[in-house]
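Observations on chain architecture
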Amino acid sequence: MNMVNPSIVILHKMYNRVRVKISLPIRNEEDVKNMIMSTQGINSFEYSPITKSILVYFDHSKIEVEEVLIKITIAFSKEYGLIPIDIISKHPTRDMPKMAFYAAISIAAASTSLTMKYNKNVQELLNWIAVGSTTGAVMDHAWMEIKKKGAFDPEVVSVMYLINSVFKGNFINSSALTWLTTFGRHIVSPTYDKIRFKVYEVRNKESSDIEYDVEIIENEDIDSAVDFFKTFASKCIQRNDNSFRNRRMYSEGILNCEYAKCIKNY
């Protein structure tokens, strides 16, 4: 059975504050507040049990928003036995290439020209532009899917229907149907970029201090993570400390600034 991980949704961020919404209530607000406020540069912490939202004000000259988000993630994960936490972007990703928008405009123009009764040459030109741009958009989409997942979605095969229909003289309707088949689901069901963190609590043998080993773990349900800050975070961690691979260690109350600066693309 697949379990849904607790999540943190980034509602908005500014140069001196960040607001997030958590999927589960905070059990011990005082402990979470003390943990987050222990970081230098954080000025205030506010939690609303009604909306399950957290608002943190900070001094951007001392700490960056990425560090604040990681600190919130660690504190939230600790509340629930260090369970993995998904950080999710509020804004949806539709994963449509620019060519898809041009194709939609071309199809609309070709359809409109039928009612305007342009001369035959103009109509044929618009028809071929609609077919060409639609085919190009589908191929571009297929290439994006191959680079991201190693295979393209089944609906990409609809381009074969388009090509077959063109030989039968069906330009506009087949272009429109191919476009809807390939890109329709991205409009109806947009995806949301997210990344999954796993937090480990470790005691330093020399100082006896508690440290947190933060690992970025793969999530098979994430299709759009390439456009999120996952790539930047992973590369940064590997560059800073190859022994941890996709991990990074944090002392309690302290965050590593170099790591945080590498995950601004969320």
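Treat the numbers as computed from the prediction; the structure is a model and nothing was measured.

If you look at the biggest cluster of nonpolar residues, it comprises 34 residues, and the most contacted ones within it are Val18, Phe45, Ile54, Val56, Val68 and Ile72. A total of 8 residues in this core trace back to one element, the largest contributor, which is helix H2 (residues 65–79). Among the nonpolar cores identified, the runner-up in size contains 19 residues, and Ala130, Val131, Val156 and Val159 belong to it.

It is worth spelling out empty space enclosed by the protein at this point. Gaps left between atoms show up when a probe the size of a water molecule is rolled over them. If you walk through the whole model with that rule in mind, you get 2 cavities of 30 Å³ or more. The calculated volume of the second largest cavity comes to roughly 30 Å³. What lines the second largest cavity is simply Ile22, Ile26, Val32, Ile36, Ile54, Ile72, Ala75 and Phe76. The element best represented in the lining of the second largest cavity is H2, accounting for 3 residues. Tallied by class, residues from the lining of the second largest cavity come to 8 nonpolar, no polar and no charged.

Moving on: unusual backbone geometry. Its identity is not glycine, yet Lys52 carries a phi of approximately 55°, on the positive side. Note that Lys52 resides in the loop between strand E3 (42–48) and strand E4 (53–58). The partly exposed category is assigned to Lys52, whose relative accessible area is 23%. The phi torsion at Leu82 lies on the positive side, around 60°, for a residue other than glycine. Note on placement: Leu82 falls in the loop between H2 and strand E5 (85–93). For Leu82, a relative accessible area of 18% gives the class buried.

Below, the discussion takes up the packing of aromatic side chains. This model, assessed by the stated rule, comprises 3 aromatic pairs. Residues Trp179 and Phe183 carry aromatic rings whose centres are separated by 5.5 Å and whose planes lie at 50° to one another, so their mutual orientation is tilted. Taken as a pair, Trp179 and Phe183 lie in helix H6 (residues 172–188) at a separation of 4 residues, close to a single helical turn. Take Trp179 and Phe183: they sit in the same class, and that class is buried. One Lys or Arg, Lys198, reaches over the ring of Tyr200 and ends 5.5 Å from the middle of that ring.

Before going further, it helps to spend a moment on the packing of helix H1 (residues 29–37) against H2. Close contact between H1 and H2 brings their axes to 9 Å; oriented N to C, the two are set at 150°. The angle between H1 and H2 falls in the class roughly antiparallel. Like other packed secondary-structure pairs, H1 and H2 cross with a definite hand, here right-handed. Across the interface between the two elements, Val32, Met35 and Ile36 of H1 pack against Lys71, Ile72, Ile74, Ala75, Lys78 and Glu79 of H2. When grouped by side-chain class, the residues that make up the contact of H1 with H2 number 6 nonpolar, no polar and 3 charged.

Quick look at helix H3 (residues 98–116) now. Helical geometry note: an α-helix holds 3.6 residues per turn, so side chains three or four residues apart project in the same direction. Here H3 is 19 residues long and its end C-alpha atoms lie 27 Å apart, about the 27 Å a rise of 1.5 Å per residue gives. All of the buried residues along H3 are Ala100, Ala103, Ser106, Ile107, Ala110 and Ser113. All buried residues of H3 fall inside an arc of 145° around its axis, so they share one side. Among the exposed residues of H3, those oriented more than 90 degrees off its buried face are Lys98, Tyr102, Ile105 and Thr115.

Moving on to H1. Looking at H1, one finds that the buried residues are Val32, Met35 and Ile36. Along H1, the residues classed as buried sweep out an arc of 95° about the axis, all on the same side.

Conventions we followed
- Residues numbered from 1 in each chain as written.
- Predicted model: local features only at pLDDT ≥ 70, side-chain atom pairs only at ≥ 80, totals over all residues.
- Heavy atoms only, no water.
- Core = buried A, V, L, I, M, F, W, Y, C linked by side-chain atoms within 4.5 Å.
- Buried < 20%, exposed > 50% of the residue type's maximum accessible area, 1.4 Å probe, protein only.
- Helix = DSSP H or I, 4+ residues; strand = E, 2+ residues; numbered from the N terminus.
- 1 Å grid on protein atoms, 1.4 Å probe; cavity = no way out; pocket = protein on both sides within 12 Å on 5 of 7 lines; lining within 4 Å.
- Points joined across faces, edges and corners; volume = space filled by probe spheres on them.
- Nonpolar A, V, L, I, M, F, W, Y, C, P; charged D, E, K, R; others polar.
- Phe/Tyr/Trp six-rings, centres within 6.5 Å; stacked < 30°, edge-to-face > 60°.
- Lys NZ or Arg CZ within 6 Å of the ring centre and 35° of its normal.
- Axes fitted to C-alpha atoms, helices over the stretch in contact; angles between N-to-C directions.
- Parallel < 35°, antiparallel > 145°, perpendicular 65-115°, else oblique.
- Left-handed = near helix turned anticlockwise from the far one by under 90°.
- Contact = heavy atoms within 4.5 Å.
- Expected span 1.5 Å × (residues − 1).
- Arc of directions from axis to C-beta.

Just distances and angles here, no functional claims.
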